[in-house]
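Architecture at a glance
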Amino acid sequence: MNKYSGLILVFYTTLLSASQITIVGCGYVGLTLAALLADAGHAITCVDIDAHKIAALRQQQLPIYEPGLYELLFNRDKKRDIHFTTAFDTIDDSDMHYICVPTPINEYGGCDCSYVRTACAAIINTRRNVDTPLMLVIKSTVVPGTVRMLQDEFKASSRNVHFVYNPEFMREGSALHDMRLRNPIVLGAESEYALCQVEQVLTTCLSAPTAVIKTNFETAELIKYSWNTFSALRIAYVNELACVCRSLGADVMSVVHGLALSEELLPTKQLKPGPGYGGSCLPKDTTAFAHMLTNLGFNTTIAHRAIESNYYHKQRVVSDIISMLETKSQTKLASDSNTVTLLGLAFKANTNDIRYSIALDIIPRLLAQGIRVKAYDPQAMPVMQLLHQDVEYCTSAYDAIIDTDCIVILTEWQEFKDLDLEILASWCRKKNIIDTRNLFNTHDLTKHGFRYLTMGTV
Ligand code: NAD
């Protein structure tokens, strides 16, 4: 390659990656994104319904304060292609429209998506060329289900429009830093084409993103809400701990220091859903802690809620089993189709400890309903046998599933993960499976004809 072909390559790469982009909503998210995209060489039109804001921006006055934002938008030598307007019908047909409008709480306490809907309608109804694909990228935080609902609502008038959900994780006060350096790219869409287009544009202005997750609308929407709720949960927890420290004369900063070490044992990224916690420590210790908190006058703490939540999850496994056994035509259990196989009796894998295990909780409830219970666990059967003689203990997982009507995976033993689904499918009486540990992928379960319930996997 000579020096000219190198230059030509750079020229074409720049040309190909430069897009005409509209940012709808000139607030913290919209203006930060606009500045970064303009700095990356894209042509940006910012639209807002607030005429005062647009007038100020046209005069290079920034209506919000964010460190470094003014300099990036207006103050540098580098010329930026960025325009501000209130008129949707003057926007050139852009390749991409980012919706960054507010989503406040409505009068019922829910998410008010009306600003997002209005913005989508304004773009769709004023576009000139319906033959060119148009990306409608929603950055506003919306409750799961919203983007699909909008896509359905605009179906008739949105030919060639691709809806994409791209939640924003920046924090005010460090918006530029967060968006450029700390931001994961989460994209929810229905078409691979749309996912790639938006990812391509975003990667022009973000330095290596911390992660890229491409998924469906609902998962992307839920990632944003779970992120914020998890932050709220942790802040609420530390505030509660501070109150307890004040009552007990303990030092909250040392408690937080100690607490942070637990992240090494159970990093957030290794969290896995299951049938509710059990074992020798969590149930008794959370109960004792909540009891102490109640005595100190704190009645509705996160510890109390965690105990309630765990109780709910254990209950739910039994109701899931019952509804699996009931057929559509009959809502009562038939006596010839009520055999359940429990795979796993220990509260977790690699132990024979059954204290507060989910099996211990559900066995009496199933037996009380006249359900025949077969069970297998590589290590925990001898201890369970001492408590429940009325369960049929089997010599292997395969032995346990013969003629069963519902297989219930309760413990995440590797041995269960390695089970051959083809054998399970041909030896059981009804192909029902409840996988409370997500050992199997849903594609394999479907392939083998199972009716299944997993813990929230698709
Ligand atoms: P903001 O209130 O600062 O700005 C929103 C702008 O949208 C306003 O200027 C408003 O006039 C304009 N607007 C309203 N309706 C419009 C319409 N139909 N057409 C054009 N413009 C319109 O809001 P923000 O803080 O930038 O937040 C925007 C979204 O991003 C919200 O859903 C928010 O939850 C989410 N979010 C915010 C942050 C944050 O730190 N601020 C972080 C992540 C996500």
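Structure's up top.
Cut-offs and rules
Residues numbered from 1 in each chain as written. Predicted model: local features only at pLDDT ≥ 70, side-chain atom pairs only at ≥ 80, totals over all residues. Heavy atoms only, no water. Helix = DSSP H or I, 4+ residues; strand = E, 2+ residues; numbered from the N terminus. Buried < 20%, exposed > 50% of the residue type's maximum accessible area, 1.4 Å probe, protein only. Polar contact = N/O pair within 3.5 Å; in protein donor to acceptor, adjacent residues only side chain to side chain. Contact = heavy atoms within 4.5 Å. Pairing = 2+ DSSP bridges. Axes fitted to C-alpha atoms, helices over the stretch in contact; angles between N-to-C directions.

1. A word on the side chain of Ser357
Tracing the chain through its elements places Ser357 in the loop between strand 9 (339-343) and helix 13 (358-368). Ser357 gets classed as buried once you look at its relative accessible area, which sits at 1%. A polar contact is formed between the side chain of Ser357 and the backbone oxygen of Leu345, at a distance of 2.9 Å. Excluding its chain neighbours within four sequence positions, the residues that come into contact with Ser357 are Lys314, Leu345, Ala346, Phe347 and Met384.

2. With respect to the sheet that holds strand 4 (residues 96-99)
Strand order in the open sheet formed by eight strands is 3-2-1-4-5-6-7-8, with mixed pairing between adjacent strands. This sheet does not close on itself; its edge strands, each paired only once, are strand 3 (82-85) and strand 8 (212-215). Pairwise comparison of adjacent strand axes, ignoring direction, gives a mean angle of 20 degrees for this sheet. Inspection of the sheet shows strand 5 (residues 134-138) paired to strand 6 (residues 161-165) by five bridges, in the parallel sense. Bridge pairing links Met135 to His162 in strand 6. Most of the contacts of helix 3 (residues 51-58) go to strand 3, to which it runs at about 150 degrees, and overall it touches strand 2 (43-47) and strand 3. Relative to strand 5, helix 5 (residues 114-126) is tilted by about 170 degrees, and along the sheet it contacts strand 1 (20-24), strand 4, strand 5 and strand 6.

3. Things to note about unusual backbone geometry
In terms of backbone geometry, most residues other than glycine have negative phi values and most peptide bonds are trans. For Asp403, which is not a glycine, the phi torsion comes out positive at approximately 60 degrees. For Asp403, the location among the structural elements is in the loop between helix 15 (397-401) and strand 12 (406-409). One non-glycine residue, Asn438, lies in positive phi territory at about 55 degrees. Summarising the element assignment, Asn438 is placed in the loop between strand 13 (432-435) and helix 18 (442-447).

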